[in-house]
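Tertiary structure, described
Listed here are the chains, written in short residue letters.
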Amino acid sequence: QVHLVESGGGWVPAGGSLGLSCAASEDIFKLWAMGWYRQAPGKQRELIAVISSGGIQTHYLDSVKGRFTISRDNAKNTVYLQMNSLKPEDTAVYYCNRPNGFGYNREIISWGQGTQVTVSS
């Protein structure tokens, strides 16, 4: 079973930047498209960014487009999310997993613990 471990969250003032990482425990990661999700307090988890297995194709939720960048390093079994120009509404717990959205319909695997991002106004 593949395990996912997210890291890199923290507190940042509005307009700041953070970089998140998600490490997968198995090499099968290299064959998978991957996505970043977030869940804000009282809201459903939403898919915000997707990257294809080879890293060529990316897709973003409109609210993060132009501010967030998803990337991956298959040699390290890791997917990244660079977040710039952060807004208070970006405050959430961030998770990675296989994508279920943006035209992808992949089976979700066990969720990691996520990483908390807090953006102050």
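It should be noted that the structure appears before, not after, this text.
Computed from a predicted structure; not experimentally measured. (Residues numbered from 1 in each chain as written. Predicted model: local features only at pLDDT ≥ 70, side-chain atom pairs only at ≥ 80, totals over all residues. Heavy atoms only, no water.)

Section: the side chain of Thr-91
By the element assignment, Thr-91 lies in the loop between strand E8 (78-83) and strand E9 (92-97). A distance of 2.9 Å separates the side chain of Thr-91 from the backbone oxygen of Pro-88, its partner in a polar contact. Here Val-119 takes part through its backbone nitrogen, which lies 2.9 Å from a polar atom of the side chain of Thr-91. Beyond its immediate sequence surroundings of up to four residues, Thr-91 is in contact with Ala-40, Pro-41, Gln-116, Val-117, Thr-118 and Val-119. (Helix = DSSP H or I, 4+ residues; strand = E, 2+ residues; numbered from the N terminus. Polar contact = N/O pair within 3.5 Å; in protein donor to acceptor, adjacent residues only side chain to side chain. Contact = heavy atoms within 4.5 Å.)

Comments concerning the pattern of salt bridges
Counted according to the given criterion, the structure contains five salt bridges. Two residues, Asp-27 and Lys-30, come together in a salt bridge whose shortest N-O distance is 3.2 Å. Asp-27 sits in the exposed class, given a relative accessible area of 51%. Take Lys-30: its relative accessible area is 30%, and that puts it in the partly exposed class. Bridged by salt links that share partners, the residues Arg-38, Glu-46, Arg-67 and Asp-90 form one connected network. (Salt bridge = Lys/Arg side-chain N within 4 Å of Asp/Glu carboxyl O. Buried < 20%, exposed > 50% of the residue type's maximum accessible area, 1.4 Å probe, protein only.)

What about the nonpolar core?
Ranked by internal contacts, the top residues of the largest apolar core, which has 29 residues, are Trp-36, Val-79, Leu-81, Met-83 and Tyr-94. Counting only elements with at least two residues in this core, the list comes to strand E3 (18-24), strand E4 (34-39), strand E5 (46-51), strand E7 (68-73), E8, E9 and strand E12 (115-120). With four residues, E3 is the largest single contributor of residues to this core. Tyr-37, Leu-47, Val-93 and Tyr-104 belong to the second-largest nonpolar core, a separate cluster that totals seven residues. (Core = buried A, V, L, I, M, F, W, Y, C linked by side-chain atoms within 4.5 Å.)

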